[in-house]
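An overview of the molecular structure
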Amino acid sequence: MFEGPCLSNMNIMFTSDPMNVQHITSTKFQNYGKGNDFREIFEILGDGIFRSDSQLWNYNRTILHSVFRKASFQLFVHQTIMNKIESCLLPFLDRGWKEGMEVDLQDVFQRLTFDNICSIVLGFDPNCLSMEFPEVACEKAFTEAEDALLYRHFRPKCLWKLMKWLHVGKEKKLEESQKIVDQMLYTEIRSKCKVQGESNNSSTPVDESQFSLLNVLINEVGKGKADDNFLRDT
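Residues numbered from 1 in each chain as written. Predicted model: local features only at pLDDT ≥ 70, side-chain atom pairs only at ≥ 80, totals over all residues. Heavy atoms only, no water.

So, the packing of helix H4 (residues 71-99) against helix H5 (residues 105-122)
Running from amino to carboxyl end, H4 crosses H5 at an angle of 145°, the nearest separation of the two axes being 10 Å. Here H4 and H5 pass one another in a crossing that is right-handed. The residues of H5 that touch H4, namely those facing Phe73, Phe76, Val77, Thr80, Ile81, Lys84, Leu89, Phe92 and Leu93, are Leu105, Val108, Phe109, Leu112, Asp115, Asn116, Ser119 and Ile120. Residues belonging to the contact of H4 with H5 are distributed by class as follows: 12 nonpolar, three polar and two charged. (Axes fitted to C-alpha atoms, helices over the stretch in contact; angles between N-to-C directions. Helix = DSSP H or I, 4+ residues; strand = E, 2+ residues; numbered from the N terminus. Left-handed = near helix turned anticlockwise from the far one by under 90°. Contact = heavy atoms within 4.5 Å. Nonpolar A, V, L, I, M, F, W, Y, C, P; charged D, E, K, R; others polar.)

Here it is in structure tokens:
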């Protein structure tokens, strides 16, 4: 049991037992509601992981779990990550070593992770990790949002809610970051839905190289049942 600072609401139970992890996240997942405090802190996530009582969310979860178990998906994830490591990470580190560059490894691995997540989940690579080390708006916004959510754990609820109301500090950055991330997500969702709609009206097979978890959800659930907001939260 980890007891955080007074008023921080950070008393956390840690476990390293795989059976406990499986029990909480899979076997008896429905027994572990996130609660209102958790929902408020992570409000940026919408109804995604909080709607364990939703029939559509449970259906989506079942679909995703079936995908995760497939050998083809595991191979796809492995190849995606290895390709990114071999084409971007290793050349970048090699160049940094040869030129004697000072490298922020946390930033490097944050960019690597964001590229991989976007490739697997959304089906596009923002190329945050490249030789030029570009500033990519959606990646920066994602990182700043994570930072702001972490601070919500450290501060009393009344304080961060006041900051949110006043639009100052980390709460202002969180609001700005959410707009940028949402714009990226909704753009990808509408693009994938449009392509899916066109493929349904065409005899041309869908390009399997364009696989993404977003495509899986759109195909399996159906655009009529899951609106843009639900797909965004999921």
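Brief notes about the pattern of salt bridges
Throughout the structure, instances matching the rule amount to 17 salt bridges. Glu40 serves as the salt-bridge partner of Lys157, at 2.9 Å between the closest nitrogen and oxygen. A residue pair is termed long-range when its members are at least 10 positions apart, and Lys157 in helix H7 (residues 157-166) and Glu40 in helix H2 (residues 35-41) qualify at 117 residues. Salt-bridge contacts for Lys164 lead to Glu43; the nearest nitrogen and oxygen are separated by 2.8 Å. In this pair, Lys164 is assigned in helix H7 and Glu43 in the loop between H2 and helix H3 (55-68), connecting sequence segments 121 residues apart. Taking the relative accessible area as the measure of exposure, Lys164 reaches 36% and is therefore partly exposed. Of the residues examined, Glu43 reaches a relative accessible area of 36% and is grouped as partly exposed. It is possible to trace a salt-bridge network through shared partners that takes in Asp37, Glu40, Lys157 and Lys161. (Salt bridge = Lys/Arg side-chain N within 4 Å of Asp/Glu carboxyl O. Buried < 20%, exposed > 50% of the residue type's maximum accessible area, 1.4 Å probe, protein only.)

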